[in-house]
Amino acid sequence: MVGSGHHGHTLSLCVQSLMPPHSGSGPATSDDERSQIAIVGDLMRSIAVVQYFPKYKALEEVARDYNTQWTTATEMLTENVYLVAENWCNFVILKRNPKAAAEEVRCRLETVGEFNAGEMAN
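Okay, so let's go over this structure. Going along each chain's sequence as written, the residues are numbered from 1 onward. It should be noted that, the model being predicted, local features are given only for residues of pLDDT at least 70 and side-chain atom pairs only at 80 or more, the latter also being counted only at that level, while totals for whole chains, interfaces and linings use all residues. In computing side-chain properties, one takes all heavy atoms of the structure into account and sets aside hydrogens as well as water.

## Side note on the pattern of salt bridges
Heads up, the condition is: Here, a salt bridge means any Lys or Arg side-chain nitrogen found within 4 Å of an Asp or Glu carboxyl oxygen. In this description a helix means any DSSP run of H or I spanning at least four residues, a strand means any run of E spanning at least two, and both kinds are numbered starting from the N terminus. Buried residues are those whose accessible area, probed at 1.4 Å on protein chains only, stays under 20% of the maximum for their type, while exposed residues exceed 50% and partly exposed ones sit between those limits.
Inspection of every chain in the model, using the stated rule, returns three salt bridges. For the salt bridge of R64 with E61, the shortest nitrogen-to-oxygen distance reads 3.1 Å. When the shortest N-O distance is used, the salt bridge between E103 and R106 registers 2.5 Å. With a gap of three residues between them, E103 and R106 both fall in helix α1 (residues 103-106), about one helical turn apart. The exposure class assigned to E103 is partly exposed, which follows from its relative accessible area of 47%.

Structure below.
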């Protein structure tokens, strides 16, 4: 997946979502109305949380990790907690706070854990 970034094009390494795939071309169900979010692992800038809005057929970035991580793998543990593996053999746990009063807090992922694995995870 290639997207437009700060320096032209950035390469998105992996995309992860908890939303089950849509089964067919029928009308949307109540499950489809849930928050449809995914995390996008960017090889050079860590991860971003994007939300899909089916009504507009659009993706919007709703939160980002502003720390530089050379992301090698991502996993969405819950809707608001994410695991990132990076090339220096570290795992980072990030948490999103979508109910925060301030927009600045809602759009920033907070680091809640850092672990050194001793070898690269992919």
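## Some remarks on a nonpolar patch on the surface
Operational definition: What goes into a patch is any residue over 30% in relative accessible area without a salt bridge, connected to like charges within 9 Å or, for nonpolar side chains (Val, Leu, Ile, Met, Phe, Trp, Tyr), within 5 Å. Areas reported as accessible are Shrake-Rupley estimates using a 1.4 Å probe. Residue values count occlusion only from the protein chains shown.
A grouping of L43, M44, W70 and W88 is seen on the molecular surface, where their side chains present a nonpolar patch of about 460 Å² in accessible area. Topologically, W70 is positioned in the loop between β5 (58-64) and β6 (71-76). Residue class for W70 comes out partly exposed when judged on its relative accessible area of 39%.

## Some details on the nonpolar core
Operational definition: Throughout, nonpolar core names a set of buried Ala, Val, Leu, Ile, Met, Phe, Trp, Tyr and Cys residues whose side chains join them through atoms within 4.5 Å. Contacts were defined at the residue level, with two residues in contact if any of their heavy atoms lie within 4.5 Å.
Core analysis: the biggest nonpolar cluster contains 12 residues, these being I37, I39, I47, V49, V62, A63, M76, Y82, V84, V92, L94 and L109. With near-sequence residues (within four places) excluded, V92 lies in contact with Q69, Y82, L83, V84, T111 and G113.

## Comments concerning the pairing of strand β4 (residues 46-53)
If a strand is regular, its side chains alternate between the two faces of the sheet. Threshold: A pair of strands is treated as paired once DSSP finds two or more bridges between them.
Of all eight residues that make up β4, six are buried, and the element is covered over most of its length. Hairpin connection of strand β3 (residues 36-42) to β4: three residues between the antiparallel strands. Of the strand pairs in this sheet, β4 and β5 are connected by six bridges, and their pairing is antiparallel. Of the residues in β5, the one forming a bridge with V49 is A63. Between β4 and β5, which pair antiparallel in sequence order, lie four residues; one of them, K57, sits at a positive phi of approximately 50°.

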